[in-house]
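One-letter residues, chain by chain:
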Amino acid sequence: MSTINVAEFPIVRVSIASTQKEKNQDQYFADYEALLQRGQTFVMINEVSAPDVEETKSDKVHMKKMNLWMKKNREALSTQVLAMIQVEPDPIKRQVALDFQVVFQKYWGHKLLVVKTYAEALDLAKQEVEQSELTTK
């Protein structure tokens, strides 16, 4: 199940499930939209291996919903989400995620950062938030 945890806002922990395991992602996108409606900047940390891009693309119903959602929320995504930080301990999967950064940013409107551990992700998230606070003052 895909989830969004805002207990440590502006650091938001997410878990993104494969569309093969969870066909209905509606609640995740509703929660994500509610998060964007706050109008505040934040960083997302995903500790679960990212879903396979080709697998996601093969689910036409999911892709149609996601593309419509993206169009509706593109501006908020690019201005409020400072970064998505992917925790990936596996070196091969980590390299795949690193190679995907440019495509990810074009699609989602914000950067993808990839690290090996949650501790690295948390440090990086804090840096992103601090940097954002400095530039908005």
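Residues numbered from 1 in each chain as written. Predicted model: local features only at pLDDT ≥ 70, side-chain atom pairs only at ≥ 80, totals over all residues. Heavy atoms only, no water.

Enquirer: Would you take a moment to explain the pattern of salt bridges for this structure?
Expert: Opposite charge on two side chains makes pairing possible when the charged atoms of those side chains draw close. Applying the stated criterion to the full structure yields five salt bridges. Linking Arg13 and Glu47 is a salt bridge whose minimum nitrogen-to-oxygen distance equals 2.2 Å. With Arg13 in strand S2 (residues 11–15) and Glu47 in the loop between strand S3 (42–46) and helix H2 (53–58), the pair connects residues that are 34 residues apart, well separated along the chain. A relative accessible area of 29% means that Arg13 is categorised as partly exposed. Put simply, Lys111 and Glu128 hold a salt bridge, and the shortest N to O gap is 3.1 Å. Of this pair, Lys111 sits in strand S5 (residues 111–115) while Glu128 sits in helix H6 (residues 118–136), and the two are 17 residues apart along the sequence. (Salt bridge = Lys/Arg side-chain N within 4 Å of Asp/Glu carboxyl O. Helix = DSSP H or I, 4+ residues; strand = E, 2+ residues; numbered from the N terminus. Buried < 20%, exposed > 50% of the residue type's maximum accessible area, 1.4 Å probe, protein only.)

Enquirer: Whenever I open this one, the sheet that holds S2 confuses me. Can you help?
Expert: Strand pairing in a sheet takes place through backbone hydrogen bonds and is either antiparallel or parallel in direction. The sheet built from five strands is open, its strands ordered S1-S2-S3-S4-S5 with mixed pairing. Bordering the open sheet on either side are strand S1 (3–8) and S5, each of which pairs with just one other strand. Going across the sheet, the axis of each strand differs from the next one's by a mean of 25 degrees, ignoring polarity. When strand S4 (residues 81–87) meets S5, the two strands line up parallel, connected through five bridges. The residue of S5 that forms the bridge with Val87 is Val115. (Pairing = 2+ DSSP bridges. Axes fitted to C-alpha atoms, helices over the stretch in contact; angles between N-to-C directions.)

Read these as spatial facts, not as claims about activity.
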